[in-house]
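One letter stands for each residue in the lines below.
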Amino acid sequence: MRSKAELHVHIEGTLEPELVVELARRNRIELPTFDVEAIRARYDFADLQSFLDIYYENTAVLRTEQDFYDLAAAYLGRARAQGVRHAEIFFDPQAHLSRGVSLEVVFGGLTAAMKDSDVSAALILCFLRDRGAEEAEQVLRAALPYRDHFIGVGLDSAEVGHPPSLFRHVFDIAAAEGLRRVAHAGEEGGPDYVWEALDILRVERIDHGIRAMEDPRLVARLRDERIPLTVCPLSNVRLRAVPSLRDHILPAMLDEGLVVTVNSDDPAYFGGYVEDNYRALREELGMTDAQLDQIARNSFDASFVRV
Ligand code: ES4
Ligand code: ZN
């Protein structure tokens, strides 16, 4: 199997239904159902928001440092089996702080699991864009005592109506702290969101970015500046950003000379980990081994940590 880096995976999105049930029982939390298959049956999404509603609901089972340890350990084990040598992992502190779970618990559990794994890993702190810029700045300031535990900041959650430009100030603070910067843009939002992420947030990678292909000037910019795009094909299908894998624009992005990478996003919800995404591209889109080798090389070139 190809060695690769994974640059777009939300740790909360690796929470498999089996672990939801186990943690709910351990923490004595009520669930609508304790039937794993019934939980999985709900994963039939119409769009990004319908996914996020269930994703945030399930994260409520994560309470203790041990819970976060178990979550990250399970992901790193699965990633390793899928050829991942290095992972830059998103986490959503606001999804936990809002439930009374402290940063100490979150960082403690995640970093302990990372230390115990032989997969190289680093954390990227994501702001939930639908909660606004003021809360993002509060979270960043609260996380600065843990500065050594994360390498960068990102922007995720509901995209449309929450443009990157709103987050200029908090990304400026992050830059001054020497943090790397990424943002989800061009998943459901248009090319204008990608422009703003580049020009206003000074991001170094674009997460998703598939809709950048609607703007030839933007494509030229991404190519000329070699800005990597962390594309998530199975996610795009499951969230109906594209009608089917056969319609995915990823091969055209590669043909345009863009630095494309392939990633799993929220593998517990979207039907596959990273190698499952590579395999689907080969089997359903007919991508060649040479193309997939290029994508795997890109993943190491695009990573913030050299491995
Ligand atoms: C996400 Cl696929 C996606 N898009 C935006 N925010 C997210 N958080 C977790 N998965
Ligand atoms: Zn994502």
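In case you missed it, the structure is sitting above this.
Structure report, in brief. (Residues numbered from 1 in each chain as written. Chains lettered and ligands numbered in written order. Predicted model: local features only at pLDDT ≥ 70, side-chain atom pairs only at ≥ 80, totals over all residues.)

Here we come to helix 6 (residues 103-115). In this model, helix 6 (13 residues) spans 18 Å end to end at C-alpha, consistent with the 18 Å of a helix rising 1.5 Å per residue. Of the residues making up helix 6, those classed as buried are V106, F107, G109, L110, T111, A113 and M114. In the core, the buried residues of helix 6 are packed alongside helix 4 (65-81), strand 2 (84-91), helix 5 (93-97) and strand 3 (120-128). (Helix = DSSP H or I, 4+ residues; strand = E, 2+ residues; numbered from the N terminus. Expected span 1.5 Å × (residues − 1). Buried ≥ 20, exposed ≤ 12 C-beta atoms within 10 Å, placed from the backbone. Contact = placed C-beta atoms within 7 Å.)

Here we take up unusual backbone geometry. Glycine aside, residues mostly have negative phi angles, and peptide bonds mostly take the trans form. Phi angles above zero are rare outside glycine, and S157 is one such case at about 75°. Looking at where S157 falls in the secondary structure, it is placed in the loop between strand 4 (152-156) and helix 8 (168-176). Unlike most non-glycine residues, H208 shows phi in positive territory, near 75°. As for its position among the elements, H208 is in strand 6 (residues 205-208). Using a count of 28 C-beta atoms within 10 Å as the deciding quantity, one classes H208 as buried.

What follows deals with the sheet that holds strand 2. Across the sheet, 8 strands lie side by side as 1-2-3-4-5-6-7-8; this open sheet has parallel pairing. Strands with a single pairing partner mark the edges of an open sheet, and in this sheet they are strand 1 (4-10) and strand 8 (260-262). Here the strands of the sheet are splayed against their neighbours by 25° on average, with no regard to which way each runs. The sheet contact formed by strand 2 and strand 3 spans 6 bridges and is parallel. Paired with H86 across the bridge in strand 3 is S120. Its contacts with the sheet place helix 14 (residues 274-285) against strand 1, strand 2 and strand 8, and it is angled at close to 115° to strand 8. (Pairing = 2+ DSSP bridges. Axes fitted to C-alpha atoms, helices over the stretch in contact; angles between N-to-C directions.)

That's the geometry; what it means functionally is another story.
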